[in-house]
Amino acid sequence: MTLDEFLARAAELERDGLARIADAHDAAALDDARITLLGRKQGALTALMSALPTLPPEARRDAGAASNRVKGALEQALDARLAALRAAAAPSWRPLDPTMPARATWRGALHPVTLVIDEIAAIFRELGFTIALGPEAETEWYNFGALNFPPDHPAMELHDTLYLGDDTLLRTHTSPVQVRALQAIAPPVRILAPGTVYRRDFFDATHAPAFAQVEGMAVDEGISFADLKATLSEFARRFYGRTRRVRFGPSYFPFVEPGAQMDVEVDLGDGKGLRWVEILGCGLMHPRVLEAAGLDSERYTGWAFGMGPARIAMSRHGINDIRLLYDSDVRVLAQFAP
Ligand code: DAH
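What counts as what
- Sequence positions are assigned chain by chain, starting from 1 and proceeding in written order.
- The predicted origin of the model limits local features to residues at a pLDDT of at least 70 and limits the giving and counting of side-chain atom pairs to 80 or more, whereas totals for whole chains, interfaces and linings rest on all residues.
- Note that water and hydrogens are dropped before the side-chain values are worked out from all heavy atoms of the structure.
- Note on conventions: DSSP H or I runs of at least 4 residues are helices, E runs of at least 2 residues are strands, and numbering of each starts at the N terminus.
- Using a 1.4 Å probe on the protein chains alone, a residue whose accessible area is under 20% of its type maximum counts as buried, one over 50% counts as exposed, and one in between counts as partly exposed.
- Calculation of accessible area relied on Shrake-Rupley with a 1.4 Å probe; when residues are assessed, cover is drawn exclusively from the protein chains displayed.
- The sign given to each residue is positive for Lys and Arg and negative for Asp and Glu; His and the chain ends receive no count.
- Where a charge lies is defined by one atom per residue type: Lys uses NZ, Arg uses CZ, Asp uses CG and Glu uses CD.
- Note on terminology: near, applied to a residue and a molecule or strand, indicates that one of the residue's heavy atoms is within 4 Å of it.
- In the analysis that follows, any N or O atom pair within 3.5 Å is treated as a polar contact, provided that within protein one partner can donate a hydrogen and the other can accept it, and provided that, for residues neighboring in sequence, both atoms belong to side chains.
- Here the term charged refers only to Asp, Glu, Lys and Arg, the term nonpolar to Ala, Val, Leu, Ile, Met, Phe, Trp, Tyr, Cys and Pro, and the term polar to all other amino acids, Gly among them.
- Under this scheme, a helix contributes an axis fitted over its contacting stretch, all axes are lines through C-alpha atoms, and angles between N-to-C directions fall in the 0 to 180 degree range.
- Angular relationships are summarised with four words: roughly parallel below 35 degrees, roughly antiparallel beyond 145, roughly perpendicular across 65 to 115, and oblique for the angles in between.
- Pairs of residues are marked as contacts when any of their non-hydrogen atoms sit within 4.5 Å.
- Salt bridges are defined as contacts in which a side-chain nitrogen from Lys or Arg sits within 4 Å of a carboxyl oxygen from Asp or Glu.
- Crossing handedness is defined as follows: a turn of the near helix away from the far one that is anticlockwise and smaller than a right angle gives a left-handed crossing, while the clockwise case is right-handed.
- Following DSSP output, two strands are said to pair if at least two bridges run between them.
- A pair of aromatic rings is counted whenever rings of Phe, Tyr or Trp (Trp by its six-membered ring) have centres within 6.5 Å, and the orientation is called stacked for planes under 30 degrees apart, edge-to-face for over 60 and tilted otherwise.
- Here, a charge over a ring means that NZ of Lys or CZ of Arg falls within 6 Å of the ring centre while also lying within 35 degrees of the ring normal.
- Domain start and stop positions are those given by an automatic or database domain assignment.

### Structural notes on the overall build of the protein chain
Broken down by element type, the protein chain carries twelve helices and nine strands. If one aligns the C-alpha atoms of the protein chain with their principal axes, the spans along those axes are about 125 × 50 × 35 Å. The burial tally for the protein chain puts 41% of its 338 residues in the buried class. Counting every atom, the protein chain has about 19100 Å² of accessible surface; 54% of that belongs to carbon and sulfur. Looking at the protein chain, you have 36 positive and 44 negative side-chain charges, and the mean spots of the two groups are 9 Å apart.

And the structure:
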C-alpha cells in the first residue's frame, strides 16, 4: 500500500465515522458505533493500522500520525455525542419530593396604625362620612393662612415646619384638607381625611417627624356644638366600647371657636386602671375658615376634629414609645397583626 492510499483510507474512515456517530440516536447505537470504529479487535481503525507494516518504512511515521489524528477526532466526537444524548434525556423538571419541608412564607399584615385608621374610617363611614385626601406638600395658605393662624403664630416658625420652598411646606396637620374639601364639594359635607403629616421634631418617645393624623369635618346649615358632641361621643363608644365615658374640655386651635378636646377613660393595661386620655382636638369651625373656603359663614356652620391614630394605637396596646410604631421593626409590628 502506498502512503497516499493509506491517507485516503484514513480520511474516508474519519468522514464515515463522524457521520455514523452523528446518526446514533441513543446510547446503544453510539456504543455500536464506538465498537465498529475503535474496537480493539474488529474496529475499522485497528483494521486500517494493521496495514501499517505493508507501507514503505519512510512512510510509516506520517501514516501513524494520520491514524492517531483520526482516532482522536472519533473519540472526541463519541464523547460529545454521548454528552448531548444524556442532556437530551435528562428531565427538565425535578421529581416532586413530598417530604421536603415547605419554604417559610412571609405573610404580610397591616401596620397597627393603619389598622386603627381603618377602624376609625369604618365607624365614620357608617355615620355618613366619606374619605377625602389632600396633598402632603402644601402651600402656606392652606396649611396656615386659610386656617386662621395669625401671621406670628409660633407653629409657623421654621423649627416646627419643614419648608420645601418659600411658599410650599410639608403639611404639619391634615386640617388643610378641610378647606380643600369645602372648595371641591358644596355643603352638606361630611369628610374624614387620614394622612401623613410632618413636623420638624426629634424622633423621641413622644414625637415623630412624620406621623399619621385623621381629620374629620361636617359642614351644613344649622350644625351646632351638639352635633359635634353627639357624633364624637358615639364614635368613642363604638371604638372603645359602649360603657366608656367621654368628656369634653376647652382647648385652643386657631381654626375653631370654641375649641375643645375630647378625653376618653382608657385602661392602658399598666395595672393602674381607667384614666382620662386626650384622644382628639375639635371645635366649631371658625367663621374665617368657612369664608376662606368661599362659604357664607352666616348661612353655614360646621365642626371639625383631628386626632393621631398612633397615639390611639399606643393607648390601645399599652405602648409607651412612639418609635416602636414608626421604626418599622417587623419583630415589633408583627405582634400587633391580627
Ligand atoms: N390640626 C390639629 C393638630 O394638628 C388638630 C385639630 C384640632 C384638628 C382641632 C381639628 C380641630 O380639626 O378642630 O394638632
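Back to the write-up after that little detour.
### Side note on the site of the ligand
The local shell around the ligand holds 15 residues, among which H173, S175, R199, Q213 and E215 are the closest. One of the side-chain nitrogen or oxygen atoms of Q178 is found 3.0 Å away from an oxygen atom of the ligand. Among the secondary structure elements, those contributing two or more residues to the shell around the ligand are strand 5 (210-221), strand 8 (274-285) and strand 9 (300-307). When grouped by side-chain class, the residues that make up the shell around the ligand number six nonpolar, seven polar and two charged.

### Overview of the packing of helix 1 (residues 3-23) against helix 4 (residues 60-89)
Two elements in contact, helix 1 and helix 4, have axes whose closest approach is 10 Å; the angle formed by their N-to-C orientations is 0°. If you check the angle between helix 1 and helix 4, you find them roughly parallel. Of helix 4, the residues touching helix 1 (which contributes L3, F6, L7, A10, L13, E14, G17, L18, I21 and A22) are D62, A63, A66, S67, R69, V70, A73, L74, A77, L78 and R81. Its residues assigned to classes, the contact of helix 1 with helix 4 shows 15 nonpolar, two polar and four charged.

### Quick look at the pattern of salt bridges
Throughout the structure, instances matching the rule amount to 13 salt bridges. Between E14 and R69 there is a salt bridge whose closest N-O contact spans 3.2 Å. Taken together, the residues E14 in helix 1 and R69 in helix 4 connect sequence positions 55 residues apart.

### Observations regarding the packing of helix 5 (residues 112-126) against helix 8 (residues 225-240)
Put simply, helix 5 and helix 8 touch, their axes get as near as 10 Å, and they point 130° apart. Regarding the angle of helix 5 to helix 8, the classification is oblique. As helix 5 runs across helix 8, the sense of the crossing is right-handed. The segment helix 5 lies against helix 8, with V116, E119, I120, I123, F124 and E126 engaging T231, L232, F235, R238 and F239.

### Brief notes about the sheet that holds strand 1 (residues 130-131)
Taken together, the seven strands give an open sheet; going across it, the order is 1-4-5-9-8-7-6, and neighbouring strands pair in mixed fashion. Each edge of the open sheet carries a strand with a single partner, namely strand 1 and strand 6 (246-250). Set on the sheet, helix 10 (residues 309-317) makes contact with strand 5, strand 7 (256-267), strand 8 and strand 9; between it and strand 5 the angle comes to about 110°.

### Some remarks on the environment of T99
Along the chain, the position of T99 falls in the loop between helix 4 and helix 5. Accessibility expressed as a relative area gives 67% for T99, which makes it exposed. In terms of polar contacts, T99 uses its side chain to reach the side chain of D97, at 2.6 Å.

### As for the packing of aromatic side chains
This structure, assessed with the given rule, holds eleven aromatic pairs. Plain terms: the ring middles of F124 and F129 are 5.1 Å apart, the flat faces sit at 80° to each other, and that makes the pair edge-to-face. Each member of the pair, F124 as well as F129, is classed as buried. Three or more aromatic residues joined by ring pairs form one cluster here, namely F124, F129, F235, F239, Y240, W303 and F305. A cation sits over an aromatic face here: R180 above Y142, 3.8 Å from the ring centre.

### Considering the environment of A226
With respect to the helices and strands, A226 occurs in helix 8. In this structure, the C-alpha to C-alpha distance between A226 and W303, residues 77 residues apart in sequence, is 9.9 Å.

### Thoughts on the side chain of R171
Assignment of secondary structure puts R171 in the loop between strand 3 (168-170) and helix 7 (176-184). There is a polar contact of 2.9 Å between the side chain of R171 and the backbone oxygen of T196. Ignoring any residue separated from it by four or fewer positions in sequence, one finds R171 in contact with G134, P135, E136, E138, N143, P176, V177, G195, T196, V197 and Y198.

### So, the domain arrangement of the protein chain
Examined at the domain level, the protein chain breaks down into domain 1 (3-89) and domain 2 (112-336). Centre-to-centre separation of domain 1 and domain 2, based on C-alpha positions: 89 Å.

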